[in-house]
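Structural overview
Okay, here's what each chain looks like letter by letter:
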Amino acid sequence: MSPAATLAAAATTGPGFLSPTGVEIAFVLVGLATLGAALVTVTTKQLVHAALWLVVALGGIAVEYLLLTAEFIAWVQVLIYLGSVVVLLLFGLMLTKAPIGRSPDADSGNRWIALGVAVVAAASLVWVVVDAFRTTWIDLDGPVQGSTKVSGEILFQHWVLPFEALSVLLLAALIGAIVLSRRNDPADASDKGQR
Amino acid sequence: MHLAYPAVLAALLFCTGLYGVLARRNAILVLMSVELMLNAVNLNLVAFDVWLRDALHAGQALTLFTIAIAAAEIGIGLAIVLMVYRNRGTSDVDRLRDTAEGHEPAANNQSEVTA
């Protein structure tokens, strides 16, 4: 759809900031929860709590996908991120013997520089985005755009080749992770000791 | 729905992840922040795909690909972190300064270098 047609549609429907729909209210509330959980994730001093708050943030993003009518991606998010990535991160924390309680050195010395960079980036990005999309509305009605049927059709009609390339990438990552995390054989432990 | 809501949320989540990447010391917490940044980008992709009503649904397809690549990235990243931890006994990213210029690679003067 051309941008002009989208703008015309937005001008005719034209809901305002002062009359938010139920979907918008739900989106903002879930978004606040997601953002709060993300902030706790990057600021907490308890490492395991950071992983658990990451679950809340990623689950909130899955709910946002549902509100944007992208159902399939929402469930993929729940399966992949909440199901496997967070568990992997927790395993990583345990295998590196992360302290269970508060660790005072969770943040490095340049956290104030990092805070400045993040605040400046957030301010500029939010300003640009709000200025650009002030009069743009998403039309969530009409045919559903993210159901499993639609996603499967487009994925296996138009995106088959990237999909197959991605499976090769996953295989390479699997083999690479196994090779990296494999313990060395006792045979080459001798020449490792000489180094 | 107003398009600014998902766009602003994605921008703020991205900057939260940016802060985490720059400020965290533990390598696994850095990986968590990278995941937050990737999720912010995914949210942007889905929102713009739904807004544009793309016939190919390129945004949603690319989101699925990003999720898969993020899974591969977290696997390789954790394998590297575990290997570094086994060799060095630490997973703090600011103690791994062997390739930095102008610093001695000895372990005992790292505290005043990073202070």
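Residues numbered from 1 in each chain as written. Chains lettered and ligands numbered in written order. Predicted model: local features only at pLDDT ≥ 70, side-chain atom pairs only at ≥ 80, totals over all residues. Heavy atoms only, no water.

**Some details on the overall build of chain B**
- Per the secondary structure count, chain B includes four helices and zero strands.
- Counting helices and strands in the order they occur from the N terminus, chain B gives α-α-α-α.
- Looking at the 115 residues of chain B, the share that counts as buried comes to 57%.
- Sequence-distant contacts in chain B: of pairs separated by 6 or more residues, those separated by 24 or more amount to 51%.
- Carbon and sulfur atoms provide 63% of the accessible area of chain B, an area that totals close to 4,500 Å². (Helix = DSSP H or I, 4+ residues; strand = E, 2+ residues; numbered from the N terminus. Buried < 20%, exposed > 50% of the residue type's maximum accessible area, 1.4 Å probe, protein only. Contact = heavy atoms within 4.5 Å. Areas by Shrake-Rupley, 256 points an atom, 1.4 Å probe, with all protein chains shown as cover.)

**Let's talk about the UniProt feature "transmembrane region" (unreviewed entry) in chain B**
- Cross-referencing UniProt, the feature "transmembrane region" (unreviewed entry) maps to residues 61-85 of chain B in the present numbering.
- Helix makes up 100% of residues 61-85 of chain B and strand 0%, and the two end C-alpha atoms of the span are 36 Å apart. (UniProt positions renumbered as here; feature names shortened; annotations may be inferred.)

**Details of helix H3 (residues 47-67) of chain A**
- Compared with an ideal rise of 1.5 Å per residue, which puts 21 residues at 30 Å, H3(A) spans 31 Å between its outermost C-alpha atoms and is within 8% of the ideal.
- Taken together, the buried positions of H3(A) are A:Leu47, A:Ala50, A:Ala51, A:Leu54, A:Ala57, A:Leu58, A:Gly59, A:Gly60, A:Ile61, A:Ala62, A:Glu64 and A:Tyr65.
- Packing partners of the buried residues in H3(A) comprise helix H2 (22-43) and helix H4 (71-95) of chain A together with helix H1 (4-23), helix H2 (27-52) and helix H3 (58-88) of chain B.
- Once H3(A) finishes, A:Thr69 follows within two positions and takes phi at roughly 65 degrees, a positive value. (Expected span 1.5 Å × (residues − 1).)

**A closer look at the pattern of salt bridges**
- On inspection of all chains with the given rule, the structure shows seven salt bridges over all chains.
- A:Asp107 serves as the salt-bridge partner of A:Lys45, at 3.5 Å between the closest nitrogen and oxygen. Here A:Asp107 lies in the loop between H4 and helix H5 (111-132) and A:Lys45 lies in the loop between H2 and H3, a separation of 62 residues in the sequence.
- A relative accessible area of 25% means that A:Lys45 is categorised as partly exposed.
- Between B:Arg95 and B:Asp92 there is a salt bridge, with the nearest N and O atoms lying 3.7 Å from each other.
- Exposure remark for B:Asp92: the relative accessible area of 11% places this residue in the buried category.
- Each member of the salt-bridge network shares a partner with another, and the members are A:Lys45, A:Asp107, A:Arg111 and B:Arg24. (Salt bridge = Lys/Arg side-chain N within 4 Å of Asp/Glu carboxyl O.)

**Structural notes on the packing of aromatic side chains**
- Counted under the stated rule, the structure contains five aromatic pairs over all chains.
- Look at A:Phe133 and B:Phe48: their rings are 5.1 Å apart centre to centre, the planes differ by 65 degrees, and that puts the pair in the edge-to-face class. Of the two residues, A:Phe133 is situated in the loop between H5 and helix H6 (148-157) and B:Phe48 in helix H2; the pairing between them involves two chains.
- When its relative accessible area of 21% is taken as the criterion, B:Phe48 is described as partly exposed.
- Residues A:Phe133 and B:Trp51 carry aromatic rings whose centres are separated by 6.0 Å and whose planes lie at 75 degrees to one another, so their mutual orientation is edge-to-face. Pair noted here: A:Phe133 is in the loop between H5 and H6 and B:Trp51 is in helix H2, and the two residues belong to different chains. Pair check on accessibility: A:Phe133 and B:Trp51 agree, each one buried.
- An aromatic cluster is defined as three or more aromatic residues linked by ring pairs; in this entry it consists of A:Phe133, B:Phe48 and B:Trp51.
- The residue whose ring lies beneath A:Arg111 is A:Trp112, and the NZ or CZ to ring-centre distance is 5.2 Å. (Phe/Tyr/Trp six-rings, centres within 6.5 Å; stacked < 30°, edge-to-face > 60°. Lys NZ or Arg CZ within 6 Å of the ring centre and 35° of its normal.)

**Focus on H2(B)**
Residue and element names in this part refer to chain B.
- An ideal rise of 1.5 Å per residue puts 38 Å on 26 residues; H2 measures up with 38 Å between its terminal C-alpha atoms.
- Buried residues dominate H2, accounting for 19 of its 26 residues.
- Backbone nitrogen of isoleucine 28 and a side-chain oxygen of the N-cap are separated by 3.0 Å at the start of H2; the cap is asparagine 26.
- Two residues or fewer past H2, arginine 53 is found with a positive phi of approximately 50 degrees. (Polar contact = N/O pair within 3.5 Å; in protein donor to acceptor, adjacent residues only side chain to side chain.)

**Considering the confidence of the model for chain A**
- Confidence along chain A averages 84 in pLDDT terms, with 84% of residues attaining 70 or more.
- pLDDT under 50 marks residues 6-13 of chain A. Its contacts with residues more than four places away, or in other chains, come to six contacts. (pLDDT = per-residue confidence, 0-100.)

**Observations concerning the packing of H4(A) against H3(B)**
- Taken N-terminus to C-terminus, the directions of H4(A) and H3(B) make an angle of 5 degrees; their axes are 10 Å apart at the nearest point. Relative to H3(B), H4(A) is oriented roughly parallel. Residues A:Phe72, A:Ile73, A:Val76, A:Gln77, A:Ile80, A:Tyr81, A:Val85, A:Leu88, A:Leu89, A:Gly92 and A:Leu95 of H4(A) touch H3(B), and the partners they reach there are B:Gln60, B:Thr63, B:Leu64, B:Ile67, B:Ala70, B:Ala71, B:Ile74, B:Leu78, B:Leu82 and B:Tyr85.
- Class assignment of the residues belonging to the contact of H4(A) with H3(B) gives a composition of 17 nonpolar, four polar and no charged. (Axes fitted to C-alpha atoms, helices over the stretch in contact; angles between N-to-C directions. Parallel < 35°, antiparallel > 145°, perpendicular 65-115°, else oblique. Nonpolar A, V, L, I, M, F, W, Y, C, P; charged D, E, K, R; others polar.)

**With respect to the packing of H5(A) against H1(B)**
- Contact geometry of H5(A) with H1(B) gives a least axis separation of 9 Å together with a crossing angle of 165 degrees. The angle between H5(A) and H1(B) places the two elements in the roughly antiparallel class. Of the two possible hands of crossing, H5(A) and H1(B) adopt the one that is right-handed. The segment H5(A) lies against H1(B), with A:Arg111, A:Ala114, A:Leu115, A:Val117, A:Ala118, A:Ala121, A:Ala122, A:Leu125, A:Val126, A:Val129 and A:Val130 engaging B:Ala7, B:Val8, B:Ala11, B:Leu12, B:Phe14, B:Cys15, B:Leu18, B:Tyr19, B:Leu22 and B:Ala23.
- Counted by class, the contact of H5(A) with H1(B) contains 20 nonpolar, no polar and one charged residues. (Left-handed = near helix turned anticlockwise from the far one by under 90°.)

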